[in-house]
Amino acid sequence: MASATSKSYFWKGFRDGTPFIFVAVPFGLLFGVFATEAGLTLVQTMAFTSTVFAGAAQFAALQLLQDNTPTVIIITSALAVNLRMAMYSASLTPYLGSAPMWQRAFAAYLTVDQSYACSIVRFEKEPDLSVPLRMAYFVGSVTPITPLWILSTYLGAVLGAQIPESWALDFALPITFLAMIGPMMRTFAHVVAALVAITVSLLTVVIPFNLGLLIAGCAGMVAGAQAELILERRKTRQ
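What counts as what
Here the residue index of a chain counts from 1 through its sequence in written order. pLDDT decides what is reported in this predicted model: residues at 70 or higher carry local features, side-chain atom pairs at 80 or more are listed and counted, and totals for whole chains, interfaces and linings draw on all residues regardless. Just so you know, side-chain values use all the structure's heavy atoms and leave hydrogens and water out. Secondary structure elements follow DSSP: runs of H or I of four or more residues count as helices, runs of E of two or more count as strands, with numbering from the N terminus. The contact criterion used throughout is that any non-hydrogen atoms of two residues lie within 4.5 Å. Polar contact is the term for a pair of N or O atoms within 3.5 Å; when the atoms are in protein, one must be able to donate a hydrogen and the other to accept it, and sequence-neighboring residues count only if both atoms are side-chain atoms. Two rings from Phe, Tyr or Trp (for Trp, the six-membered ring) form a pair when their centres are within 6.5 Å of each other. A pair whose planes differ by under 30 degrees is stacked, one over 60 is edge-to-face, and the rest are tilted. Buried residues are those whose accessible area, probed at 1.4 Å on protein chains only, stays under 20% of the maximum for their type, while exposed residues exceed 50% and partly exposed ones sit between those limits. A fitted line through C-alpha atoms represents every axis, and for helices the fit uses only the stretch in contact; the resulting angles, taken between N-to-C directions, go from 0 to 180 degrees. Note on terminology: angles under 35 degrees are roughly parallel, angles over 145 are roughly antiparallel, angles of 65 to 115 are roughly perpendicular, and the others are oblique. One speaks of a salt bridge when a side-chain nitrogen belonging to Lys or Arg is within 4 Å of a carboxyl oxygen belonging to Asp or Glu.

Caption draft 1: Main features of the side chain of Gln58. Within the secondary structure, Gln58 sits in helix H4 (residues 55-66). Every residue in contact with Gln58, bar those within four places of it in the chain, is listed here: Phe31, Phe48, Thr49, Val52, Phe53 and Trp149.

Now the structure itself:
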């Protein structure tokens, strides 16, 4: 019975994660094209996408590589873009932290925007789920995305310039994040964090090497945390 229940939550996750393939596929194609245009070989491109497994950080690093940016800045910028993964991990730890080590390691590799967005909403709606059911759902949510991300990157790298510009693959990046961020704006703190990060990123766009992203991300986190503290204090006073 437990196995059947785990399977059912796996498929729930699979169903909830499936819509994201419509942006993950063009996103992967676009990265494959950009990577080969930047001079990476097919092997380098596939190693990049399968080990880093983080589209936004891959694009940031690739752009900086093309600009002959110092390696330290490239690594720092990629880590800054992926700083949200640390926040995702901290947010998921209360739900998945007691799972076996190998499962947590597997989940760490598969933690991407889509798997986090689907999972945190499900876990908050169903706080009494057991850890095995949560893990089954988490893995299910990223299963339709992972193989297609790698495959689409391969196709983009192989096809390269043969993909028509009329396909406008670059639409995938903003739409992906809009689709994930919209449903997650559930509290005042979330909205404050998003607005502050957006404002600061626009104000710091002139800073070289995309370092403005790091500043904006930190500012958003601080603002969101402060907003949440203020709300908690008001609740305790009432």
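Caption draft 2: Here's a closer look at the side chain of Ser119. Along the polypeptide, Ser119 turns up in helix H8 (residues 113-125). A polar contact is formed between the side chain of Ser119 and the backbone oxygen of Ser115, at a distance of 2.8 Å. Residue contacts for Ser119: discarding those within four places in its chain leaves Leu92, Tyr137, Phe138 and Ser141.

Caption draft 3: Fine view of the packing of aromatic side chains. The tally for this structure, following the rule as stated, stands at 12 aromatic pairs. Taking 6.4 Å as the distance between ring centres and 35° as the angle between the ring planes, the aromatic pair formed by Phe10 and Phe14 counts as tilted. Of this pair, Phe10 and Phe14 both sit in helix H1 (residues 2-17), four residues apart, which is roughly one turn of that helix. By relative accessible area, Phe10 is classed as partly exposed at 22%. Judged by relative accessible area, Phe14 falls into the partly exposed class, the value being 26%.

Caption draft 4: Local environment of the environment of Ser6. Locating Ser6 in the fold gives a position in helix H1. Separated by 124 residues in the primary sequence, Ser6 and Ser130 have C-alpha atoms spaced 9.7 Å apart. Among residues more than four places away in sequence, those in contact with Ser6 are Leu133 and Ala136.

Caption draft 5: Layout of the packing of helix H6 (residues 83-96) against helix H9 (residues 131-142). At a minimum axis distance of 9 Å, the contact between H6 and H9 shows a crossing angle of 135°. Taken together, the axes of H6 and H9 lie oblique to each other. Taken together, the residues of H9 that come into contact with H6 (itself represented by Leu92, Pro94, Tyr95 and Leu96) are Val131, Arg134, Met135 and Phe138.

Caption draft 6: Focus on the pattern of salt bridges. Applying the stated rule across the entire model yields three salt bridges. A salt bridge links Asp16 to Arg122, with the nearest nitrogen and oxygen atoms 3.2 Å apart. Taken together, the residues span a long stretch of sequence, with Asp16 in helix H1 and Arg122 in helix H8 at a distance of 106 residues. Asp16 gets classed as partly exposed once you look at its relative accessible area, which sits at 22%. Each of Arg15, Asp16, Arg122 and Glu126 takes part in a single network of salt bridges with overlapping partners.

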